[in-house]
Structure formats: structure tokens, C-alpha cells
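Per-entry structural report
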Amino acid sequence: MLSRLCRILHPPPLLAMATRVLPRALHSAHASAMALSTNSHFILPFPPTAAHISLAKSSSIFGRKFHNGLSCTRDRKWSVGGWYGKVFASQRDYRKFRKRPLKKRDKEKELELSVKICIEEQLPDDPEILDIAEMLRLNVPMAMKLAFDNLKDSEYQTRDRVINDVGCFETVELSVLLCNDEFIRELNKDWRDEDHPTDVLSMSQHIPELELPILMLGDIVISVETAARQAEERGQNLLDEIRILLVHGLLHLLGFDHELSDEAEAEMEKEEEILLKSLGWKGKGLIQSAYDAEDADSPPLENIDRKKEGSLRFYRPKFSYIFCDMDGTLLNSKSQISSATVEALRDATSRGVKVVIATGKTRPAVITLFKSVGLAGKDGIASEVSPGVFVQGLLVYGRQGREISRRNLDLNVCKEAFLYSLEHKVPLIAFSEDRCLTLFHHPLVDSLHTIYNEPKAEIIPSVDQLLAGTDIQKVIFLDTVEGVNTTLRPYWAEAIGDNASVVQACPDMLEIVPPGTSKGSGVKILLDHLGVSPKEIMAIGDGENDVEMLELASLGVALSNGSEKAKAAADVIGASNDDNGAADAIYRYAF
């Protein structure tokens, strides 16, 4: 019934299991965190074997314990050791002792709690994760001590009593690993045959028959991503949720198992409540929380999108850059950026991915659109100091927003287009850097400003005056879809020959651009300027003017509302722009 809860695992080969959860090396980024304990010192707790020596060549911390001198006294003494580092999911070696009978330890002799707090390497160096890991270094021994004390007076009928009194041991070892959904999903699949991420797994390493003076309690593996989602659903912070999962996992290692029976579930639920209350930690136990979620008709964990908003920051980006088209891609059919797309863009940039706009629009139009959703400016997506590819790649801006490339349309082609517009009364707009120019007023001309947010077109009274001293990058004819397809496109595809090219970003617009123009060439110019490889970028688009960009990128995503040419060029086809296709692509493929 409580499918989202963990289950204690007893993998047959200890070393095989250990290779998946414990560290061999301490990541340098966490050296400062370790240094917080001023009284700490390193000791080698046992004579190194040949296996230990060989491993020590690649690890400066293997086989060592980090003590912080924290002690708690009741009717026995406790000493606590702990360290944490970046986990490389490599290997754990086990100490080899001659089998000897154990005797009751002197009560005055300290029972050492060796606690290892580990961070799996695929998790980012998120400050919150590091703070939680440091807090757990103190919290875990507290929970262990209280749980051990409770064992003496336990009257639970369903608990496995293989661990009943820790008094006969010299040391108790426990590791806690913080990981992402992908890591815990693989463990869940390998050891439980359940192919979905979960919140916590407990892995016992205790084998009573070995009669070791060390109680290797085992490993508790917690998915920070799932914990973050559950914390949000339950209205509590991430640390509180991880503490709840820690208590649940620890009780599994001490012989509680809610899956045995209703009675076992009730007993474990009661002990969860006792421990959390005694420790002064917030929140209900995991079992009770799961029942609350079922009563609220929450979806089962395996059906939740693991890359939903709020947990994306715990993913490592696959790409350094995402190049996005605007019309038909980031913008829906109402030429608006949806709230879901805004959140996806924010999530991506907060994780260090640079989002670059590659569009047929002018830079002012793009800035206006992003300003309306709070994503303009130096720290946003678009600004006058941001890199970008505009006007179909004819204007490219690099570092600090400086122009690095410009291509202009042949003046003879411009003149022919202007004369055609006057003769056939087909509205036309000329793009000249940040300006839009036209020859006469028309409602379709106004729509380019009111709907598409382009600069308001300036009416120039004559062709000669329009051409005088003006660099024109492209011109756009505005007509009905039928007019573009049956009249404008056939005529201009033949009329311009090799002097220009025709391209369509929208079905009711025909663009005439310099030959060889493409967003892809503009993106390539910008990548060379930034020193970025195409392998580092993902591109999202919908129109035939996006084809070269989609082909250039390591991953090209065409939205389902796009042209057939764009879909053919893309690696994958996403949802439509009206179904937040760009946002879905970011969550699904960028991390």
C-alpha cells in the first residue's frame, strides 16, 4: 500500500552492494566544510591491508575517520566521528578480522559512532545540499544514540531483534548518501526490481555470524530530488523532509519493516513518531505522511515527472547553452510567453545554463517581450548587453551585446520589392537594425507592432528616400496564407534568382533575405566568438528558418506545431507551443 516508502535490502554480495553507495575520495570543493570542525583529527582505525594500500593511491581519505569530538552521555559514553565528501560511486573495502568471540564492553569505554555523510557526484554543488550535509553530520549521531537507547526497552513484537543491544560492539558504522533520482532509481531497479525513483533505501551490512567488534549498520540512501518534491507537497523545508527519511531508513536498519503486516506498520509508525518528537524535528513520520498523501489523492511517485519545477536545480545540465526561437516556439499562438515557459527558463538559468535567443525578430522586440515577464535585463534572458542572433541571423551580437556580424540585402532586390509592394498594394516592411520601415499604412503593418511587438513601422513616402543611406537586412511581405503560398512565394522564388533567398517563419509572411542566410550560420558565428562547441548546445525551434540551427546543435528539438522541414531536421519532436513545448523540452532534455 505504501509503495513510495523504502524497503530494507539484504544484497548477497557485500562488496558488490558497497560499490554503489560509498565514497573513495573527498571532493576538493568540500574541504572548507570539513574544516568547520576545529577539534577534528584523522586517525587510521585499523592496520591497512594490501587492499587498503592499493586503494589509498587514488584516495586521500579511504579508510579514515573524521572525528569532531562531539559526545553525549546518559548511562553510557558516546563518541562521534563523521565526514562527508563527493561520492564517486566506486568501491568500499571491508576490514578483515580474525573471528573471535565478543564480550560485553566496559560501560565506561566509549562506543564510537562512525558516521559518514556522502554526496553522490551527479548532484551539483548546491549550497543547500552542502548545508544539509553538514547538519546531518551532527543530526545522524543524535538519531542513532536515541534509537539505540530505545532498543533496550522495546516491546515491539514485529521488529527483527538481530540487533538488540549495541553494548557488545566497539564501533558502530553508518553511512548516509545524498543522491539524485537517477542514482536511486538504478539501485531500486537492481535490488528491488522496481524501475522508478524512490525517496529512501536502507541497505543493511550487518552479518551477525561474523562476530565483528564493529557493527556495520549499513547505508541509508536518500534522493534529494524526491525529498524536495515531497517537502513542497507537504509544506515543509528540505532539511525536515530529509530528517524524516533518515529516521525511516534508520529504523529499517534496526529491524523495523512496515511491509510485513499491519501490526508491523503500526509499530514502525509509532517509533517514527517517538524518534522525531524526541529529537525535536518537525513533520510527521514517513508512514503517516504517505497515508496523508493517499487521502489527498496525490499521484504515486512513479507517475510524477521527476524533472518538475522546483527540483530541476538538483540536476547537472547536459548543455551549456540553449538556443531558442521566439515565434511559434517560446511564444504561443497568442504571441505570449506562458508562465510555465517563464519558470522553465528561470530554472535553466538558475542552474547555470545560458539561454540565447535566435530569432527573426529585432532585438528591441525580444527585449520588450521578456520585459513583460520579468526576464529582461543584465541578469535575464535578453538585454542590450546579452548575446543573441536576430533578424534571421543577419544581426549577431556577442559579449556585452556588441555587434559581431551584419549582413545586408542587395539594394537592387530591395528596390524591386518596394516597387512590387506599391504596384500590388501588398504591405511590406523593411528591417534596418532596430527600425522597421514601410511605404504606406496598412492594418497588417500595424499588427507587426501590436501583435509581434516589433518596433512601430515608420512610413517613408518614397522608394528613393527609403533606400537613401539605409542598410536593410531583410524585407517581409504580409498577406494571407493563401496569398503567400499561391502568389508571393512562387513569384519571388523565381524573381530574385541567386541575389537573395526566400524563407518563412510564419505562414502569412514571406521574408526575402541575403543568399545563404540562416539562423544556423548566425549561431555558428556566435559560437565561434564565444569559444563554444556545437556539442555544448541544445536548440529549440519550429520554422523552416530554424532548420540549420536544429541541425547544428548537439540536440535539436522541433515543436509539433512546426514545419515539416523543421521536424525532419530535428533529433526529437516536442509538444506544441500552445502546450508549453519549449518548457517541456527544457525539463525533458536539457538536464
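How each quantity is defined
Residues numbered from 1 in each chain as written. Predicted model: local features only at pLDDT ≥ 70, side-chain atom pairs only at ≥ 80, totals over all residues. Heavy atoms only, no water. UniProt positions renumbered as here; feature names shortened; annotations may be inferred. pLDDT = per-residue confidence, 0-100. Contact = heavy atoms within 4.5 Å. Helix = DSSP H or I, 4+ residues; strand = E, 2+ residues; numbered from the N terminus. Pairing = 2+ DSSP bridges. Axes fitted to C-alpha atoms, helices over the stretch in contact; angles between N-to-C directions.

Per an unreviewed UniProt entry, the protein chain is named Endoribonuclease YBEY, chloroplastic, and its organism is Nicotiana tabacum. The Sequence similarities (unreviewed entry) comment attached to the protein chain in UniProt states, word for word, "Belongs to the endoribonuclease YbeY family." The UniProt entry for the protein chain carries this comment under Cofactor (unreviewed entry): "Zn(2+)".

**A few points about the confidence of the model for the protein chain**
Per-residue confidence for the protein chain gives a mean pLDDT of 79; residues scoring 70 or more make up 78%. Note that pLDDT drops below 50 for residues 1-102; the model gives that stretch 262 contacts with residues more than four away or on any other chain. Note on residues 298-304: pLDDT under 50 across the span, and 13 contacts to partners over four residues away in sequence or across chains.

**Side note on unusual backbone geometry**
Phi angles above zero are rare outside glycine, and E433 is one such case at about 55 degrees. If you trace the backbone, E433 turns up in the loop between β14 (428-432) and β15 (435-438). Unlike most non-glycine residues, N580 shows phi in positive territory, near 60 degrees. Within the fold, N580 resides in the loop between β22 (572-574) and α20 (581-589).

**With respect to the sheet that holds strand β19 (residues 509-513)**
Judged by pairing direction, the sheet is mixed, and its six strands sit side by side in the order β16-β15-β14-β17-β19-β18 without closing on themselves. Each edge of the sheet is formed by a strand with only one pairing partner; in this case those strands are β16 (458-459) and β18 (501-503). The pairing of β14 with β15 spans three bridges and is antiparallel. Residue pairing in the sheet places S432 in a bridge with R435 of β15. Across the sheet, helix α13 (residues 411-424) touches β14, β17 (474-478) and β19, and the angle it forms with β17 is around 20 degrees. Strand contacts of helix α16 (residues 481-495): β17, β18 and β19, with the helix running at about 10 degrees to β19, the strand carrying the most contacts.

**Side note on the environment of P455**
In this structure, P455 sits in the loop between α14 (443-450) and β16. Sequence separation between P455 and R435 is 20 residues, and the spatial gap between their C-alpha atoms is 6.2 Å. Apart from residues lying up to four places away in sequence, P455 is in contact with T362, P364, D434, C436 and H449.

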